[in-house]
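# Coordinate inspection notes
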Amino acid sequence: MKISHIEHLGIAVQSIEESLPYFTDVLGLECYATEVVEDQKVKTAFLKCGEVKLELLEPTSPESTIQKWIDKGNKGVHHVAFCVEDGVANALNFCEEKGIRLIDKASRKGAENLNIAFLHPKSTCGILTELCEH
Ligand code: CMX
């Protein structure tokens, strides 16, 4: 598996509308798109910070994993997404061989039409890890 860079940091917020001014008016970052990812039950807002994106994640349903995570008293950085150069399918095979617990056995479509797959935080030092490819 070859990681090229951190593609984005996923940041859980209860409300994009209420959170966005901190990122735009204080940090001075540009929000260049918003998107609803139906199957993840989230609304996202993307901000560019140099080469790395910040992905604000607002739950769109009480059943959203983001809402459940917030309801447990968490907030802030929710996951780290790494871009893999040799494809998510190869990366998943490699991780599985290394004994890493997979959430997704195959890649699926995420925001911005990226192919994505998640690794379970129980076997990634507590960091919910997303692998993605362009
Ligand atoms: N970071 C670190 N640990 C996390 C976590 C997170 N974001 N979310 C859950 N966990 C931990 C929990 O604390 C829990 O640990 P304990 O057993 O020690 O309490 C463990 O993982 C299991 O969590 P859970 O609440 O019992 O189980 P869930 O049903 O919430 O599932 C998870 C957890 C990670 C499998 C699920 O959230 C998932 O599949 N996530 C991947 C998909 C996702 O997050 N999508 C939203 C992002 C959208 C996008 O970027 O496109």
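The residue count restarts for each chain, going from 1 along the sequence in the order it is written. Only residues with pLDDT of at least 70 are given local features in this predicted model, and only at 80 or more are side-chain atom pairs given and counted; all residues enter the totals for whole chains, interfaces and linings. In computing side-chain properties, one takes all heavy atoms of the structure into account and sets aside hydrogens as well as water.

### Brief notes about the site of the ligand
Threshold: Residue proximity to a molecule or strand is established when one non-hydrogen atom of the residue lies within 4 Å of it. N or O atoms closer than or at 3.5 Å make up a polar contact, with two conditions inside protein: a donor-capable atom paired with an acceptor-capable one, and, for residues adjacent in sequence, both atoms drawn from side chains. Points on a 1 Å grid, built from protein atoms alone, make a cavity when a 1.4 Å probe fits but cannot get out and make a pocket when they are open with protein on both sides within 12 Å along at least 5 of 7 lines; residues with an atom within 4 Å of a point are the lining residues. A cavity or pocket is said to hold a molecule if more than half of that molecule's atoms lie within 2 Å of its grid points. A run of H or I in DSSP counts as a helix once it spans at least four residues, and a run of E counts as a strand once it spans at least two, with each numbered from the N terminus. Side-chain classes are defined by residue name, with Ala, Val, Leu, Ile, Met, Phe, Trp, Tyr, Cys and Pro counting as nonpolar, Asp, Glu, Lys and Arg as charged, and the others, Gly among them, as polar.
Around the ligand there are 16 residues in total, and Q40, E55, K72, H78 and K122 lie nearest to it. For the ligand, an oxygen atom lies 2.7 Å from a polar atom in the side chain of K122. Residue E130 places a side-chain N or O atom 3.5 Å away from an oxygen atom belonging to the ligand. When each cavity is represented as a set of grid points, the ligand is found to reside in the largest pocket. It is helix 2 (residues 65-71) that provides the largest number of residues to the shell around the ligand, a total of three residues. For the shell around the ligand, a count of residues per class yields six nonpolar, six polar and four charged.

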